[in-house]
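A look at the structure
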Amino acid sequence: MLPTAIIVFREVLEAALIVGIVMAASRGALRRGLWVSGGIAAGVLGACGVAAFAATIAAAAEGMGQELFDAGILFAAVGMLGWHNVWMSRHGRELAATALQLGNAVKSGARPLWALAFAVALAVLREGSEIVLFLYGIALAGQGGPLAMVIGGLIGLALGVAAGTAIYWGLVSIPMRLLFTVTSWLVLLLAAGLASQGAAFLMQADLLPSLGSNLWDTSFLLSDQSLAGRILHTLIGYTAQPAGIQLVFYAMTLLLIGGLMRLVGSSERLAHSKPQGDSAVIPAE
Amino acid sequence: MMRRWVLAISFVCAVAAPALADDPVVTITLKDHQFVPSEVPVPAGVKVQLQVKNEQQVTAEFESNSLHREKIVNAGGEITVFVGPLDPGSYEFFDDFHNDTRGHLIAK
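Not measured: the values here are computed from a predicted model. (Residues numbered from 1 in each chain as written. Chains lettered and ligands numbered in written order. Predicted model: local features only at pLDDT ≥ 70, side-chain atom pairs only at ≥ 80, totals over all residues.)

Section: the overall build of chain A
Of regular secondary structure, chain A possesses ten helices and zero strands. The N-to-C order of helical and strand elements in chain A reads α-α-α-α-α-α-α-α-α-α. The 285 residues of chain A split such that 44% are buried. By sequence separation, contacts in chain A at least 24 residues apart represent 83% of the contacts at least 6 residues apart. (Helix = DSSP H or I, 4+ residues; strand = E, 2+ residues; numbered from the N terminus. Buried ≥ 20, exposed ≤ 12 C-beta atoms within 10 Å, placed from the backbone. Contact = placed C-beta atoms within 7 Å.)

Some remarks on the pairing of strand β6 (residues 69-73) of chain B
Burial runs high along β6 of chain B: five of the five residues are buried. Between strand β5 (residues 60-64) of chain B and β6 of chain B, which follow one another and run antiparallel, lie four residues, and histidine 68 of chain B among them has a positive phi close to 55 degrees. (Pairing = 2+ DSSP bridges.)

Quick notes on helix α1 (residues 2-25) of chain A
Residue and element names in this part refer to chain A. With 24 residues, α1 ought to run about 34 Å at 1.5 Å a step, and its terminal C-alpha atoms sit 34 Å apart, in line with that. Residue leucine 13 marks the point of greatest curvature in α1, where the axis turns by about 30 degrees. Extensive coverage of α1 is indicated by the burial of 21 of its 24 residues. (Expected span 1.5 Å × (residues − 1). Bend = angle between axes of the 7 residues up to and from the residue.)

Notes on unusual backbone geometry
Cis geometry marks the peptide bond from valine 36 of chain B to proline 37 of chain B; its omega dihedral reads -5 degrees. Along the chain, proline 37 of chain B turns up in the loop between β2 (34-36) and β3 (39-42). Of note, arginine 31 of chain A is a non-glycine position whose phi angle comes to about 60 degrees, a positive value. The class of arginine 31 of chain A is partly exposed, set by 13 C-beta atoms lying within 10 Å.

With respect to the sheet that holds strand β1 (residues 25-31) of chain B
All names here are of chain B. One open sheet accounts for four strands, arranged β2-β1-β4-β7; its pairing is mixed. Two strands bound the open sheet, and with one partner strand each, they are β2 and β7 (78-83). Strand-to-strand twist of the sheet, defined as the mean angle between neighbouring strand axes without regard to direction, takes the value 25 degrees. Direction of pairing for strand β4 (residues 48-54) relative to β7: antiparallel, over a ladder of six bridges. Note on β7: the bridge partner recorded for valine 52 is isoleucine 79. (Axes fitted to C-alpha atoms, helices over the stretch in contact; angles between N-to-C directions.)

Some thoughts on the nonpolar core
Counting 100 residues, the largest nonpolar core has Ile21, Val22, Ala77, Ala119 and Val120 of chain A as its most contacted members. Isoleucine 21 of chain A has contacts with Ile167, Thr183, Leu186, Val187 and Leu190 of chain A, leaving out every residue within four places of it along the chain. (Core = buried A, V, L, I, M, F, W, Y, C linked by C-beta atoms within 7 Å.)

Side note on the sheet that holds β5 of chain B
Strands pair in a sheet through their backbones, by hydrogen bonds, and they do so in one of two ways: parallel or antiparallel. Residue and element names in this part refer to chain B. Taken in spatial order, the five strands line up as β3-β9-β8-β5-β6 in an open sheet, and their pairing is mixed. Only two strands of the sheet have a single partner each, and these edge strands are β3 and β6. Taking the axes of each pair of neighbouring strands and ignoring which way they run, one obtains an average angle of 25 degrees across the sheet. Looking at chain direction, β5 and β6 are connected through five bridges and run antiparallel. Following the sheet pairing, phenylalanine 62 is matched in β6 by lysine 71.

Focus: the environment of glutamate 61 of chain B
Residues and elements named next belong to chain B. Mapped onto the elements, glutamate 61 comes out in strand β5. Classification of glutamate 61 by C-beta neighbours within 10 Å gives partly exposed; the count is 19. Taking the C-alpha atoms as reference points, glutamate 61 and asparagine 99, separated by 38 residues in sequence, lie 9.8 Å from one another. Residues in contact with glutamate 61, not counting those within four places in the same chain, are Glu70, Lys71, Ile72, Val73, Asp95, Asp96 and Phe97.

With respect to the packing of helix α2 (residues 32-52) of chain A against helix α6 (residues 113-141) of chain A
Residue and element names in this part refer to chain A. At a closest axis distance of 6 Å, the pairing of α2 and α6 adopts a crossing angle of 35 degrees. Where α2 crosses over α6, the two elements pack in a sense that is right-handed. Here the contact of α2 with α6 is composed, by residue class, of 23 nonpolar, six polar and one charged. (Left-handed = near helix turned anticlockwise from the far one by under 90°. Nonpolar A, V, L, I, M, F, W, Y, C, P; charged D, E, K, R; others polar.)

Overview of the interface of chain A and chain B
The interface is formed by 24 residues belonging to chain A together with 19 residues belonging to chain B. Elements with a minimum of two residues in the side of chain A that touches chain B: α3 (54-63), α6 and α8 (176-204) of chain A. Considering each element in turn, the side of chain A that touches chain B owes the most residues, seven residues, to α6 of chain A.

Section: the confidence of the model for chain B
Do not read the predicted coordinates in detail wherever pLDDT is low. All names here are of chain B. A residue-level look at chain B finds 81% of positions with pLDDT of 70 or above and a mean pLDDT of 85. With pLDDT under 50 throughout, residues 13-19 is counted as low confidence; its partners more than four residues away or in other chains account for five contacts. With a pTM of 0.86, the predicted complex shows an ipTM of 0.82. (pLDDT = per-residue confidence, 0-100.)

Some details on the packing of α1 of chain A against α8 of chain A
In a packed pair of helices, the relevant descriptors are the angle between the two axes and the axis-to-axis distance. Residues and elements named next belong to chain A. Two numbers describe how α1 lies on α8: the axes approach to 9 Å, and their chain directions differ by 145 degrees. Seen along the crossing, α1 lies across α8 with a hand that is left-handed. Along its contact with α1, which presents Ile18, Ile21, Ala24 and Ala25, the element α8 presents Leu179, Thr183, Leu186, Val187 and Leu190. For the contact of α1 with α8, the class distribution of residues is eight nonpolar, one polar and no charged.

Description of the pairing of β1 of chain B
One face of the sheet, then the other: side chains in a regular strand alternate in exactly this way. All names here are of chain B. Judged from the six bridges that link them, β1 and β4 form a sheet pairing that is parallel. Counterpart to valine 26 in the pairing with β4 is leucine 50. Looking at chain direction, β1 and β2 are connected through three bridges and run antiparallel. Bridge assignment links lysine 31 to a residue of β2, and that residue is glutamine 34. Between the end of β1 and the start of β2, which pair antiparallel, lie two residues, with aspartate 32 showing a positive phi angle near 45 degrees.

Written out as structure tokens, the structure reads:
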């Protein structure tokens, strides 16, 4: 029961942290709960599908199907999170300025919440399929009986969801005008971390060189397998022993999404700083 | 554009394909939550093909932080994992679904 709880918790944790951040990032947006829960539901369904076809996926691409599949999911999630961040750097300011006005509902309707929902679905699918495979394995082997498995699974799920809820409440206690800045940084780091994980899978599939298999080793400070290590792994892509190619993908993602955000954001500021009588939107910095 | 992609893909295949043929193959078997052998000697400085067999009734995940590898091995299934070229030394791997199940690659 306990090992089941621990494994389910670990896998749920990563998806739950992402859901918590996404919920905080989309605070105040119309029907975000519907989008995000839709994403979770799609992810759960997808996870069952992936688990059912696990053997087929694994055998694809000359035995490298798992790696390509994981990398594809991770990079798709990076794209979704990046797209939402860039969109928000263009429109976030006006959304924040009108947060308490009625018109906000209309404006936030155009917001690409589908991108966040898609990212959530991918995260749930990836972690969920591992849970399904793991639970299916112990169910088949009849280890400890079905009751212990169900209870263990539920405890793990509850703890993981609690962690996601905690990060959500922590974030929404931040004042609304700062929340956009904080969550877009968090989403940016999250995306960079996912890209570095994706690079590791392509390296494993032998499609990318490692560029130095272990640049440094901080496992004596914070192990990848410790709870804090796992949380930081999800949040900012922490790896105790990173390969060079992971660092390259991490930096490229930060530069690409961060650069696009600045570019789009500054042109937006420029447009608003022209004297048009309405100075409600004051360029920050 | 299309041509460039074809070129890129055939380049990738050309690089990846010989790896399948020539690399030393090392087999590791999972039995009763033990890696057999648990100390696996491999040559340093070359790419090595690991065949990980799971002779258990439960799913396993072959994982290593220092090797940057994680791959699910279905019950009764077998996977291929390439590692290296490695520097001489010891590299720990484990079954992520049963954390006590551990072993080492010893690169010499």
